[in-house]
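Chains, contacts and geometry: an overview
Below, each chain spelled out in residue letters.
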Amino acid sequence: MKKLINDPEQVVNETLEGFLAAYGDRIARVGDTGGLVLREKKDKVALVIGGGSGHEPMFSMFVGDGLADASISGHIFTSPDPYSIIETATAADAGRGVLFVYGNYAGDNLNFEMASEMLTMSGTPNRIVRVWDDVASAPKERTEDRRGIAGDLFVVKVAGAATAAGLDLDEAVRVTEKARDNTFSIGVALSGGTIPGAAAPAFTLPEDEIEFGLGIHGEPGIRRAKLLPADEIVEELFSLILADSGIKAGDRVCTLVNGLGSTTLSELYIMNRKLRQLLDGAGIAVHDMVVGSFVTCQEMAGASVTLMRLDEELMGYYDAPADSPYYRK
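None of these values were measured; they are calculated from a predicted model.

**What to know about unusual backbone geometry**
- In this structure, the amide linkage connecting Glu56 to the following residue, Pro57, adopts the cis form with an omega of 15°.
- By the secondary structure assignment, Pro57 is in the loop between β3 (46-53) and β4 (70-76).
- Residue Phe59 is bonded to the preceding Met58 through a cis peptide linkage, with omega at 5°.
- The residue Phe59 is located in the loop between β3 and β4 in this model.
- Even without being glycine, Phe77 reaches a positive phi, approximately 55°.

As structure tokens, then:
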């Protein structure tokens, strides 16, 4: 598969080097790890996010004011190792504790939990919030088995605002979990992405088929269907989210139409147009709409829809200012 790379084994390293060439005045690398940290340490709970690379700009490019204090990246679609997580968290810690936020995947759970235990043993208070917004990946009674997909963006936004507001670790966890538990996503794929250096995509679809509920690593969805017009795809995604979330008339939401890597902005805005029509028709108030590619899967074609239900508390944190290279509020 054709890509603009040098050595497949150096993709993550060279990505970080190129990123820091542009933003190194604000952000520094943590040793020789995949970690990035704000140069100016703040007197607050440190928010550390991370996971496998290949989903850029999430996670590494959301280090900034009102967002993450640090991020840690593993290889493509691979969790960072516990020692790199510890080194990155230590670089970000200002003595107020560390809040880890990441998507709910087995490798990330294993390595972040191991790092968390080791940090606790060394005297660094820390907590974990796993994001599990993908309604297609497990039934409602097994919510904690669900994957984290594009809803990562909203959960990280709220967590960053909560820690920037000076909340202690327990309160920051409470607010972040509240955001997580009110965030719901589902996606549709038109074609698969590829791991750099691989000879073929992670999966293939016939030209006239799509798959609902794909994960951001190419995990299987809930069903395949013939290619549908964008409006019909959004209608199905929207109905699945409403049925699972209980979001109803009178509720207020922020929304995200997220591209998975090779989807054009035209396609995303066509989807957003229909999403707004459906929300208005359902009597659901729209607080904010975000459109763009924030949580990707290399060059996978497709998109996801995310709704986060807001109350006054979450709205305040959502609206708080944020400034990173790839997200500003």
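Still more ground to cover, so stick around.
**Section: a nonpolar patch on the surface**
- A grouping of Tyr83, Leu110, Met114 and Met118 is seen on the molecular surface, where their side chains present a nonpolar patch of about 400 Å² in accessible area.
- The element contributing the most residues to the nonpolar patch is helix α3 (residues 106-121), with three residues.
- Tracing the chain through its elements places Met118 in helix α3.
- For Met118, a relative accessible area of 31% corresponds to the partly exposed category.

**Structural notes on the sheet that holds β4**
- Here we have six strands laid out as an open sheet, ordered β1-β2-β4-β3-β5-β6, and mixed in their pairing. Here the strands that pair on one side only, and so sit at the sheet edges, are β1 (27-30) and β6 (126-131). The average undirected angle you get between the axes of adjacent strands in this sheet is 20°.
- Across the sheet, helix α2 (residues 82-92) lies against β1, β2 (35-38), β3, β4 and β5 (98-103), angled at about 160° from β4, the strand it touches most.

Each value, and the rule that gives it
- Residues numbered from 1 in each chain as written.
- Predicted model: local features only at pLDDT ≥ 70, side-chain atom pairs only at ≥ 80, totals over all residues.
- Heavy atoms only, no water.
- Helix = DSSP H or I, 4+ residues; strand = E, 2+ residues; numbered from the N terminus.
- Patch = residues over 30% accessible without salt bridge, like charges linked within 9 Å, V, L, I, M, F, W, Y side chains within 5 Å.
- Areas by Shrake-Rupley, 256 points an atom, 1.4 Å probe, with all protein chains shown as cover.
- Salt bridge = Lys/Arg side-chain N within 4 Å of Asp/Glu carboxyl O.
- Buried < 20%, exposed > 50% of the residue type's maximum accessible area, 1.4 Å probe, protein only.
- Pairing = 2+ DSSP bridges.
- Axes fitted to C-alpha atoms, helices over the stretch in contact; angles between N-to-C directions.
- Contact = heavy atoms within 4.5 Å.

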